[in-house]
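# Observations on the model geometry
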Amino acid sequence: MSILRSRTAQTTVAAAAVGALALTGCSSGSSSDNKPVGKTQADAKAQAKPVVMGTAQDSVGPAKEVPGARKGGTAQVYQETDFSHLDPGQIYVSDAGDLAKLLYRGLTTYKEDDKGNQTVVGDLAEDPGKMTDGGKTWTFKLKDGVKDQNGHVITSADIRHTIERLYDSFLTDGPTYIQTWLSGSGTKYRKAYAGPYKGKHLPDSVLATPDDKTIVFHFLAPHTDVPQALAMAAYGVVPEKTDTKQKYDQAPVATGPYKIASYKPGKNLSLVRNDQWDAKTDPARHAYVDGWNIDYNVSKADQTKTILADRGEAKNAIMFSGQIDATQLQKITRDKAVMKRTVQGYAPYVWQLNMNMDRVKDKKVRDAIALAIPATAAAHADGGAYGGDPANSLISPATPGYDKSSDPFNRAKKPNGDIAAAKKLIDEAGAKGMKLTYGYAQTDVRVTQANLIINNLKKIGLDIQKKDIDAATWYEQMGKVKNGLDLYMTGWGQDWADGNTVFPPSYDGSAIQDGGSNYSHVNDKHVNSEIARIQLIADAAERAKEYAKLSDYISKEINPAAPIYYTKVFQIAGSNVGGLRYSTVTSYTDPTAIYLKK
């Protein structure tokens, strides 16, 4: 999931924590018999199953009713920051991904059962696509009469425009799977085609629209996971006639069950029903509530306290990407009634400390930094023991290929840092007193984590300069090739259960560009060639094994990013909220199933 990120696999989880709690590496929610709290890695492993391909019948709406659901009322969401983007083409962050489920529709989407099993189905399309030429050609037929909020019937021209606009230089922050599969890896696709705004289209040999209801993708190589890629928020349709380019970020046109009623950047976003949305065409979404009120500038601590207090509008509230604050764990976990209104899951995100390879060039220094990371303390700063587990590798337990025995930085025995071993490497490198700039987002949890990590880095002899950065634009800033930083945390999760959605976007040197996800700027010949080779392995199990080997190589031979922790999800909702469930697609509470009890 992409950053969130995914399925953006990037995430802007906002959090607050008590330093003492994080430093001791224990949780006030821990049980007296020392049983693990929250979801476990066994739960995560269950999410590593491949996505099932649905049928035309699976793609027919309406979605299966949520038991006990009723219509009416306004749901409340509290956010720490504004969404980084509203333009679907720019969405690769998980909280905006939640929002996208309410606003946008693409060619495909996911249906989930009560156990979290995913089936990819047709959304705007009649089915999840027809594959020919071994996966090089994919054909989609649109459903009849699906309209945007203005009453415009979506045609193949709108789908073509949606794909073509992603080539334009102003769209930098979304995923690039479809573009690169069509026109070349890394940044080659931008050189192949400049976008549709000058009146030219991609040739029919690449993307064809033989009639108003048909669109045909001709990829450079076989890809069997095209329906999964097209289900991402970034491939949500942007109707051609109402595309306002850069201004689209402020007033996008909805095709989902809700549309934007008002938007005050940095303050509030309000959604109301989209009366042009037809549930009979939608196999996955519900529209039980009349609208959504989303307030920004609410810290994680305040989100938790407000929803826990359960007064007024908070009775109707859910969290998008927020987490329960560590200071409130005891109140919540010891109250059975409150626990009934919580949601738990094991997200696919790996939080890591990126080391800018353009600036931190000595591997001994990078290894020392990785060894010194206080992984347990950093994880517990993000929700106590319910917040996450120390990360032993760059692969999440929810991703095929994860190997618990792979532990290059000794997280199993020294989860809060091996200071002695790290200090020895710094001395060997002659790097004592080396100045490094550490960038962190302006949220309570990131400040706490920064202080924990910096304290350990100072212990091993490094001179760390701190730089705070606006949380709402965090990934845009980190995505700049010349970001002016040496160290910075990012979170990456699989976009679907496959290493193809982790390693190519994160470690392929050909993908280094502003807005890209190779945050450490890794450009290694062996890594690049292995990524190119492994992507084309048809057998999923074999592909997972090869990515596991590549993960070890990246950490042991290059070490561009130090794994810190895997993210658990622990969220709370108001007492009037029904339909609560964890979504393995969005990695948080599923907003499409929510209803208000009264």
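Just above, that's the structure.
Below, the structure is looked at part by part. (Residues numbered from 1 in each chain as written. Predicted model: local features only at pLDDT ≥ 70, side-chain atom pairs only at ≥ 80, totals over all residues. Heavy atoms only, no water.)

Applying the stated rule across the entire model yields 24 salt bridges. Where Arg285 meets Asp282, a salt bridge forms, and the shortest distance between an N and an O atom there is 3.0 Å. In this pair, the class of Arg285 matches that of Asp282, namely buried. With its nearest N and O atoms 3.9 Å apart, the salt bridge here joins Arg341 to Asp310. Of this pair, Arg341 sits in the loop between helix 10 (336–339) and strand 13 (342–355) while Asp310 sits in the loop between helix 8 (300–309) and strand 12 (317–318), and the two are 31 residues apart along the sequence. (Salt bridge = Lys/Arg side-chain N within 4 Å of Asp/Glu carboxyl O. Buried < 20%, exposed > 50% of the residue type's maximum accessible area, 1.4 Å probe, protein only. Helix = DSSP H or I, 4+ residues; strand = E, 2+ residues; numbered from the N terminus.)

Bringing the sheet that holds strand 3 (residues 108–112) into the picture now. The 3 strands lie next to each other as 1-4-3, forming an open sheet whose pairing is mixed. Whereas interior strands pair on both sides, the edge strands pair on one side only; in this sheet they are strand 1 (52–53) and strand 3. Looking at chain direction, strand 3 and strand 4 (residues 118–122) are connected through 5 bridges and run antiparallel. Looking across to strand 4, one finds that Thr108 is bridged to Gly122. (Pairing = 2+ DSSP bridges.)

Looking at where Tyr566 falls in the secondary structure, it is placed in strand 18 (residues 561–572). Each C-alpha atom of the pair Tyr566 and Asp225 lies 25 Å from the other, and the pair is 341 residues apart in sequence. Here the side chain of Tyr566 touches Asn392 through a polar contact of 3.2 Å, side chain to side chain. (Polar contact = N/O pair within 3.5 Å; in protein donor to acceptor, adjacent residues only side chain to side chain.)

What follows is about the side chain of Ser583. Take Ser583: it is sitting in the loop between strand 19 (577–578) and strand 20 (595–596). A distance of 2.6 Å separates the side chain of Ser583 from the side chain of Glu112, its partner in a polar contact. Every residue in contact with Ser583, bar those within four places of it in the chain, is listed here: Glu112, Tyr588 and Asp590. (Contact = heavy atoms within 4.5 Å.)

Attention shifts here to the packing of aromatic side chains. Scanning the entire structure with this criterion turns up 23 aromatic pairs. Considering the side-chain rings of Trp138 and Phe140, the 6.3 Å spacing of their centres and the 20° angle between planes classify their relative orientation as stacked. By relative accessible area, Trp138 is classed as buried at 2%. Taking the centre distance of 5.2 Å and the plane angle of 50° together, the rings of Tyr177 and Trp496 count as tilted. Placement of the pair is Tyr177 in helix 5 (residues 177–183) and Trp496 in the loop between strand 17 (487–493) and helix 16 (503–507), with a sequence separation of 319 residues. One residue, Arg165, lies across the ring of Tyr248, its end atom 5.4 Å from the ring centre. Here Lys245 stacks its cationic end above the ring of Tyr197, 4.8 Å away from the centre of that ring. (Phe/Tyr/Trp six-rings, centres within 6.5 Å; stacked < 30°, edge-to-face > 60°. Lys NZ or Arg CZ within 6 Å of the ring centre and 35° of its normal.)

Read from one edge to the other, the open sheet built from 6 strands follows the order 14-18-13-17-15-16, with strand pairing classed as mixed. Each edge of the open sheet is held by one strand with a lone partner, namely strand 14 (388–390) and strand 16 (463–469). Taking the axes of each pair of neighbouring strands and ignoring which way they run, one obtains an average angle of 30° across the sheet. Sheet topology note: the strand 14/strand 18 ladder contains 3 bridges and is antiparallel. Paired with Pro390 across the bridge in strand 18 is Tyr565. Helix 11 (residues 363–372) rests against strand 13, strand 15 (435–441), strand 17 and strand 18 of the sheet, and its axis sits at about 155° to strand 13. (Axes fitted to C-alpha atoms, helices over the stretch in contact; angles between N-to-C directions.)

Following both chains from N to C, one finds helix 17 (residues 525–535) and helix 18 (residues 540–558) inclined at 170°, their axes separated by 10 Å at the closest point. Judged by the angle between their axes, helix 17 and helix 18 are roughly antiparallel. Packed against helix 17, whose contacting residues are His526, Val527, Glu530, Ile531, Arg533, Ile534 and Gln535, the element helix 18 presents Arg543, Glu546, Tyr547, Leu550, Tyr553, Ile554 and Ile558 at the interface. Of the residues in the contact of helix 17 with helix 18, the class split is 8 nonpolar, 2 polar and 4 charged. (Parallel < 35°, antiparallel > 145°, perpendicular 65-115°, else oblique. Nonpolar A, V, L, I, M, F, W, Y, C, P; charged D, E, K, R; others polar.)

Across the interface, helix 11 lies against helix 13 (residues 419–429) with an axial gap of 8 Å and an inter-helix angle of 165°. On the basis of the axis angle, helix 11 is roughly antiparallel to helix 13. Here the hand of the crossing between helix 11 and helix 13 comes out left-handed. Along its contact with helix 11, which presents Lys364, Val365, Asp367, Ala368, Leu371 and Ala372, the element helix 13 presents Ile419, Ala421, Ala422, Leu425, Ile426, Glu428 and Ala429. Considered class by class, the residues forming the contact of helix 11 with helix 13 number 10 nonpolar, no polar and 3 charged. (Left-handed = near helix turned anticlockwise from the far one by under 90°.)

This part is about the nonpolar core. The biggest cluster of nonpolar side chains holds 106 residues, and the ones touching the most others in it are Ile178, Phe217, Leu353 and Tyr438. Here this core gets 6 residues from one element, more than from any other, and that element is helix 11. Setting aside residues no more than four positions away along its own chain, Tyr438 makes contact with Leu353, Ala450, Ile453, Ile454, Ile464, Gln465, Lys466, Lys467, Leu487 and Met489. (Core = buried A, V, L, I, M, F, W, Y, C linked by side-chain atoms within 4.5 Å.)

The sheet contact formed by strand 15 and strand 16 spans 7 bridges and is parallel. Bridge pairing in strand 16 links Lys435 to Asp463. Each parallel crossover has a hand, and the one from strand 15 via helix 14 (residues 444–459) to strand 16 is right-handed. (Right-handed = clockwise from strand over helix to strand, strands pointing away.)

Remember, this is a structural readout, not a statement about activity or role.
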